[in-house]
Amino acid sequence: MVVMLLSMTGFGRGEVSDEQLALTIELKSLNSRYFEFVSKFPSFLNSFEDEVGKLIKKECSRGRVSINIQYEFLDSSNHDPDINWNLVEKYKKLISQLSEKVDANHPVSAEVYLNFPDVLKSQSTVDEKKVRVLMIKGVKVALKKLFKMRVAEGRNLRTDIENRINIITDKMNTISTLDKNLKINRTENYKEKVRQIVDNLNLDESRIIQEVAILSEKRDVTEEMVRMSSHIALFKSYFEPSEPVGRRMGFLLQEMGREVNTIGAKTDSSGVSHIIVDIKDELEKIREQVQNIL
């Protein structure tokens, strides 16, 4: 069970060998909305591509994972190159037909034939069962190292995000204190403004209080503050997840952004407005980091 944030960025290398073959398998992962597997296998390993892709997807649910495989045959006596004479004869016949067609007689050197596709072939034969075991072993070693790096990167991301969430929490507390002070003075200020506006109208005190209540309601941010506090508490619970939480973190950040925007639109305090700008800046920095979280 995962009990930590994991980054989608990482690198892992697995080096394995037996008496005939040595493999170096490198895995590199980058952030992506979904899982992407990018591979280019040597021809004699092509039959394992699908199995390897499924194995990597099982361990890396999101991210763009690319694999690079280098190989070396250790028993060179069984891997000497040979010439595909049947193919040479076919190329020779085609060249002869082409020369007749274009009325040209251009001799072709032996070296040129060696550059034609598949003229050179290997005499080697590989034991597919043994190669599969070696291949899967190497991929698992690379995955283990990739995971280790993702853990380290995730730890760094958590430290940065947690610091910024704490900054946002402190700033929200400051807004809460300012808002309480504003509420104390707001009622009397609004009463005075209403009296000035309706000075020539014959309105009783109860009607003035009603109008003040309507104005005050438009400036009240209590609901937004409560929801913001709830979002922050839920966001913090994702710091020790039991499953990938990157997408849910991204969704919560959107919700936090909506609440902050509403508070900024409702407030009539320049002090609160300045704090809102700072909170938006912190949310944007967190959003950039969350894009790398699995």
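(A) Region of interest: the overall build of the protein chain. For the protein chain, the helix and strand inventory stands at 8 helices and 6 strands. Helices and strands appear in the protein chain in the N-to-C order β-β-β-α-β-β-α-α-β-α-α-α-α-α. In the protein chain, the share of contacts with a sequence separation of at least 24, taken over all contacts with a separation of at least 6, comes to 80%. Carbon and sulfur atoms provide 50% of the accessible area of the protein chain, an area that totals close to 18,400 Å².

(B) Broad picture of the packing of aromatic side chains. Using the criterion set out here, one finds 4 aromatic pairs in the structure. Judged by centre distance (6.0 Å) and plane angle (90°), the ring pair of phenylalanine 235 and phenylalanine 239 falls under edge-to-face. Comparing phenylalanine 235 with phenylalanine 239, the two get one shared label, buried. Ring-pair connections join several aromatic residues into one group, and the members of that group are Phe44, Tyr71 and Phe73.

(C) Seen up close, the sheet that holds strand E2 (residues 21-30). Spatially, 4 strands are ordered E1-E2-E4-E3 in an open sheet, and the strand pairing comes out mixed. Unpaired on one side and paired on the other, strand E1 (10-17) and strand E3 (35-39) mark the two borders of the sheet. Going from strand to strand, the sheet's axes swing by 15° on average, the running direction of each strand aside. As judged from the 10 bridges shared by E2 and strand E4 (residues 63-73), these two strands associate in the antiparallel manner. Each residue of the ladder has a partner; that of leucine 21, found in E4, is phenylalanine 73. Contacts from helix H1 (residues 49-59) reach E2, E3 and E4, with the element oriented near 145° to E3.

(D) Local environment of the pattern of salt bridges. For the structure on display, the rule yields 18 salt bridges. Note that lysine 266 is salt-bridged to glutamate 224, the shortest N-O span being 3.2 Å. On the criterion of sequence distance, the pair formed by lysine 266 in helix H7 (residues 246-266) and glutamate 224 in helix H6 (residues 222-237) is long-range, its members being 42 residues apart. Taking relative accessible area as the criterion, lysine 266 reaches 21% and is therefore assigned partly exposed. Across the pair lysine 285 and aspartate 281 runs a salt bridge, and its minimum N-O distance is 3.3 Å. You can see lysine 285 and its partner aspartate 281 sitting in helix H8 (residues 270-290), 4 residues apart, about one turn around the helix. What makes lysine 285 partly exposed here is its relative accessible area of 32%. Each of Glu223, Glu224, Arg227, Glu259 and Lys266 takes part in one network of salt bridges that share partners.

(E) Focus on the environment of glutamate 59. Relative to the assigned elements, glutamate 59 resides in helix H1. For glutamate 59, a relative accessible area of 47% translates into the label partly exposed. When near neighbours in sequence (up to four residues on either side) are disregarded, glutamate 59 contacts Leu143 and Arg150.

(F) Structural context of the pairing of E1. Only one face of E1 is buried: it carries Gly10, Gly12, Gly14 and Val16, and the other face, with Phe11, Arg13, Glu15 and Ser17, is open. One ladder, built from 8 bridges, connects E1 with E2; its direction is antiparallel. Residue pairing for E2: glutamate 15 is matched across the bridge by threonine 24. Between E1 and E2, which pair antiparallel in sequence order, lie 3 residues.

(G) Structural context of H7. In a regular helix each residue adds 1.5 Å, so 21 residues correspond to 30 Å; H7 covers 31 Å between its end C-alpha atoms and thus fits that length. Residues Gly246, Met249, Leu252, Leu253, Glu255, Met256, Gly257, Glu259, Val260 and Ile263 constitute the buried set of H7.

(H) Spatial organisation of the nonpolar core. Membership of the largest hydrophobic core comes to 29 residues, with the highest contact counts inside it found for Met172, Phe235 and Met249. Looking at which element gives the most residues to this core, the answer is H8, with 7 residues. Leave out the neighbours within four places in its chain, and methionine 172 touches Met225, Met228, Ile232, Ile263 and Ile279. Core analysis: the next-biggest nonpolar cluster, separate from the first, contains 24 residues, Leu21, Phe35, Phe48 and Val52 among them.

Thresholds, definitions, all that
- Residues numbered from 1 in each chain as written.
- Predicted model: local features only at pLDDT ≥ 70, side-chain atom pairs only at ≥ 80, totals over all residues.
- Heavy atoms only, no water.
- Helix = DSSP H or I, 4+ residues; strand = E, 2+ residues; numbered from the N terminus.
- Contact = heavy atoms within 4.5 Å.
- Areas by Shrake-Rupley, 256 points an atom, 1.4 Å probe, with all protein chains shown as cover.
- Phe/Tyr/Trp six-rings, centres within 6.5 Å; stacked < 30°, edge-to-face > 60°.
- Buried < 20%, exposed > 50% of the residue type's maximum accessible area, 1.4 Å probe, protein only.
- Pairing = 2+ DSSP bridges.
- Axes fitted to C-alpha atoms, helices over the stretch in contact; angles between N-to-C directions.
- Salt bridge = Lys/Arg side-chain N within 4 Å of Asp/Glu carboxyl O.
- Expected span 1.5 Å × (residues − 1).
- Core = buried A, V, L, I, M, F, W, Y, C linked by side-chain atoms within 4.5 Å.

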